[in-house]
Structure formats: structure tokens, C-alpha cells
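So the chains spell out like this:
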Amino acid sequence: MKQKVYIETFGCQMNVADSERAASGLRRAGYELTDSCETADVVLLNTCSVRERAERKVFTRIGEIRKSADHKQLLGVMGCVAQLEGDSIFKAAPTVDMVIGTRATDRIAGMIQRLQDGETAVMDLDERAEGEFWDTSPVERHSPYIAFVPIIEGCNKFCSFCIVPYSRGREKSRIAAEIVDEVKRLKDLGYKEIHLIGQNVNSYRPKSELGLENRPGATPFSRLLRAMAETGMQRIKFTTSFPRDFHPDIVTAIEEYPNLCDWVHLPVQSGSDRVLKAMRRGYTAADYLRRVDRIKSSSRPLSLTSDIIVGFPGETETDFQETLKLVNQCQYDSLYIFKYSRRTGTPAAQLKDEVSESEKTERFLRLESVQREAQRIVFENYVGRQLSVLAERLSTRSDSDMVGHSTCHKVVNFRGEQSLAGQVVTVQITKAKTNSLFGEQVRN
Ligand code: SAM
């Protein structure tokens, strides 16, 4: 009988893609993947370390899994916490059998084998080996209609608050020809939407031109976007874009190709130049607003979303006011707000001038309320418009409603049956809610 592996994933889309890749490799090596933690022979926790709370969650989960005295299941910690903490995980949680770094996703079957041969505390924090390439089987994809396609791993930006360069190493871009082949295969398999993903997708810079020949554009990323559009994939989204590398030609490419979706996620982090400098973001609020101007003046209406950190060390009320001002100017379609979380090993962790927890909460709530008001207006502007929606599943609230995402990445609910799942439909928007839209399907 095949041994069963259960993988639980925390954190970002990159982690989801890593779990899909790990599952594909394990299935090729003869394992079965299961949705049941209890009956699995091997349990893998794919972890996130971007904020302290995410990191703590892993240790709580290890405790829950190891509640029973019977420790027959092998337990592995993979992902960012594994890469950062290394063998100290074995000390903090001695019932863990494997520590699997962020670039060891293709070597897990070998690690399980070593444990079964009698080794204990097996760890792999090494780089990817020669010949390992992104290969995800459709069976392991999180959706039969939407696929995450990693185009760049790691991060070279070293923003002072961020742990990612340490947990995921330096930026490494996939060759465009390999990405084009993968997207064509996904199209043939019936996928309707792909998300090109990476910590900073638009910093894409492959070592070779292969696959980008005859693709015009000002940067390798905007050339890749055009190559993606030419595959004929129905909907192409990309996230996350780094502001400093956001060339206006990205917007030009979106204007040229309707299958490049009308959504840009561009995290600003703060509206204060002083804080942006301390964060080492490499741009000012004015630089950022110039990018936003190009997005907002596009011939296609584009949806704009962002991330902001409140309570970065030394952030004063005046700095925070600058953030509120920028948020009012940008009229974001949605905003992810984070309270600053100190990450050991990052430069910001050395800064003394910490903002109190209560002050962070207060700023979080004030920013949330400013965004809520701006978003209400943005969402109301969608009422009366027709959006192209990929129907994904029945709504959790009603058996007669389907839910999906628009090309502009809004959650859209509409009357419809499960049989519509996987179809792209046109929805006339009739109502705006706080974080979603509601409408009626338009039948042609
Ligand atoms: N690479 C992207 C960028 O910086 O533009 C974002 C990637 S990061 C995984 C996702 C978001 O987490 C960031 O945009 C930031 O807002 C938030 N984040 C990262 N480090 C954080 C920290 N130490 N405390 C609070 N939020 C943090």
C-alpha cells in the first residue's frame, strides 16, 4: 500500500505553489497525497514567517498534531520558518522529524527515506540542485481552473522590515520559454486563469533570452507579459509588483492585450518619505504616485490594490498622516493593512523607537476606516457595469449563489448553479457590499 502524505499550507501564494510542487514530486516518487491529517503517514507543515503571529502558529499546530502519545506519523516543517530556524526547530519541538528549507521542495522523498532507514532529525537547507525545475502536476493544483505560475523566486530588495530575503534567498527568474510551455499546457488542460507569482514579479530578469525573442517591451517582465498574452490563455493576472521596478510599459502591455487582466497590486507600505527611507524601499511617495498616475490614466480602467504597514519603528503621527493622505489620493480598490511585526535578523529589528501595540492598533483602525470610505465609493462605481467573472464555487451563504473573481480581482456573487463552476460568465453588477459585489448573470 502506498504511504500517505498530508500537506498543510500557511502564508502566501508562493507557499501554495511550493506545496503543489512538493506534492507533485512526492506523487512521482510513489506517495499518495491525502486531505486527512489523522490518517497520513507523513505530515508536512509549509510555514510562513512574514509576521511573528504566523510563525507562532506553526508551533501551536505541531503541539496539536503531537497531542497523542503515539508518534508514528513522520512530521516535517517546510518553508520559511524551516529555512530561518534550521535545527533550532528540533530543539524547540523535539517531535519534529524533518526540517525542509525553501529550496528543498524536490528532495522530500529522499528525506523521508533517510528517516525510514533509521536516521533522525533530517534537515535540508541547501539551494536547488542542478536540473530541478518547476514541475507541478495538474492533480496537485489548488484549483482546476486557476493556476499559480511562479516566475521568480527570492528577493534582493532587503527592505529593513522584511524577512523574505533571508527565508527565500536571492532573486532567481525562470527562463521564459519554460513558463510559456507551462502556460500553453495549462491552457490545453482547460485552465481559464493563471497568476504569475513571485515576491516581486516585475523584477523578473532571466539569465537567457529564450522565449522572449521577438517580444517587444521596455523590461523583461513587460516582454514576458506580451509572451504570456500571445499564448491565448484567457485571463492572466500577476502579483506582487514592486513599486521601484514598476515600468509604465507594464500598463502599455495591459492596454494592448485584453487577456492581461485589469488589476495591479502595488504595495506602498507607507506614505511618509522618512519612513519609506527607513524601510529602505528605494522610492518616495511622489515616485510611487507617478506610477499610480500611469495606472489611473490608462485607457482601460484598472483596479489598484496595495499593502501598508502601520507602526514601523519611529513612525510619528505626522508620518501616519502622510499615509492617510496617500491612501486618500490613491483610491485603492482594496488595501491590506499590517501592524509592524519585529522580525529577528532584519535591520529594523535593531531600531529602538518602537511604536506601542495600542498605538499600532489605533492607527490600524483609523487607516481601515479611511480605506473603508474610499472603497465604498470605488465599489459603488462598479454598480451598473458588466464584469467578466470566472465562476469558482457555490457561495457559503446560499446554495443558489455562485461566487467567483472578476478580471479586476473583485469577489463577485451572482445567482447561479454549481454547474457553472469553471465557466467565465458576464455579470451585471447590481449591488456593492464592503468587500464584494453582487450581480445578475447576463445571458447572451
Ligand atoms: N515583496 C512585496 C513588497 O514588499 O512589495 C510584498 C511581499 S510580503 C510577503 C507581503 C506583505 O507583508 C508586505 O507587502 C508587507 O506589507 C507585509 N509585511 C512584510 N514584513 C512585515 C513585517 N515585518 N511586519 C508587518 N508586515 C509585514
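As a reminder, the structure under discussion sits directly above these lines.
Residues numbered from 1 in each chain as written. Predicted model: local features only at pLDDT ≥ 70, side-chain atom pairs only at ≥ 80, totals over all residues. Heavy atoms only, no water.

Turning to the pattern of salt bridges, a few remarks are in order. If you walk through the whole model with that rule in mind, you get 39 salt bridges. Between Arg 168 and Asp 18 there is a salt bridge; the shortest N-O distance is 2.9 Å. Highlighted residues: Arg 168 in helix 6 (residues 164-168) and Asp 18 in helix 1 (residues 13-28), separated in sequence by 150 residues. Judged on exposure class, the residue Arg 168 and its partner Asp 18 are both buried. Where Asp 401 meets Arg 415, a salt bridge forms, and the shortest distance between an N and an O atom there is 2.3 Å. Here Asp 401, found in strand 16 (residues 401-406), pairs with Arg 415, found in strand 17 (residues 411-415); they are 14 residues apart in sequence, far enough to count as distant. Under the relative-accessibility criterion, Asp 401 is labelled buried at 9%. By sharing partners, the salt bridges in this structure join Glu 20, Arg 141, Arg 174, Glu 178 and Glu 182 into a single network. (Salt bridge = Lys/Arg side-chain N within 4 Å of Asp/Glu carboxyl O. Helix = DSSP H or I, 4+ residues; strand = E, 2+ residues; numbered from the N terminus. Buried < 20%, exposed > 50% of the residue type's maximum accessible area, 1.4 Å probe, protein only.)

With 24 residues, helix 13 (residues 357-380) should cover 34 Å at 1.5 Å per step; its first-to-last C-alpha distance of 34 Å lies within 8% of that length. Taken as a whole, helix 13 has its buried residues at Lys 360, Arg 363, Leu 367, Gln 371, Ala 374, Gln 375, Val 378 and Phe 379. Against the buried residues of helix 13 lie strand 13 (303-310), helix 12 (317-330), strand 14 (334-339), strand 18 (424-432) and strand 19 (436-441). (Expected span 1.5 Å × (residues − 1). Contact = heavy atoms within 4.5 Å.)

Let us now look at the site of the ligand. Taken together, 17 residues sit near the ligand, with Gln 199, Gln 269, Arg 281, Asp 307 and Ser 341 positioned nearest. One of the side-chain nitrogen or oxygen atoms of Arg 51 is found 3.4 Å away from an oxygen atom of the ligand. Interatomic distance of 3.2 Å between a side-chain N/O atom of Asn 200 and a nitrogen atom of the ligand. Protein chains bury 93% of the 570 Å² of accessible surface belonging to the ligand in isolation. Considering only residue class, the shell around the ligand consists of 7 nonpolar, 5 polar and 5 charged. (Near = heavy atom within 4 Å. Polar contact = N/O pair within 3.5 Å; in protein donor to acceptor, adjacent residues only side chain to side chain. Areas by Shrake-Rupley, 256 points an atom, 1.4 Å probe, with all protein chains shown as cover. Nonpolar A, V, L, I, M, F, W, Y, C, P; charged D, E, K, R; others polar.)

The next point concerns the sheet that holds strand 10 (residues 193-197). Spatial strand order, 7-10-11: 3 strands in an open sheet with parallel pairing. Edge positions in the sheet fall to strand 7 (146-150) and strand 11 (235-239), since each has one partner strand and no second. The mean inter-strand angle of the sheet, taken between neighbouring strand axes irrespective of direction, is 25 degrees. The strands touched by helix 1 within the sheet are strand 7, strand 10 and strand 11, with strand 7 carrying the most contacts at an inclination of about 95 degrees. (Pairing = 2+ DSSP bridges. Axes fitted to C-alpha atoms, helices over the stretch in contact; angles between N-to-C directions.)

Turning our eyes to something else, we now look at the packing of aromatic side chains. Across all of its chains, the model carries 6 aromatic pairs by this definition. Taking 5.6 Å as the distance between ring centres and 80 degrees as the angle between the ring planes, the aromatic pair formed by Phe 158 and Tyr 166 counts as edge-to-face. Look at Phe 158 and you get partly exposed, because its relative accessible area is 28%. The class for Tyr 166 is partly exposed, based on a relative accessible area of 33%. With 6.5 Å between their ring centres and 75 degrees between their planes, Phe 379 and Tyr 382 make a pair best called edge-to-face. A relative accessible area of 3% places Phe 379 in the buried class. Taken together, the ring pairs connect Phe 242, Tyr 283 and Tyr 288 into an aromatic cluster. (Phe/Tyr/Trp six-rings, centres within 6.5 Å; stacked < 30°, edge-to-face > 60°.)

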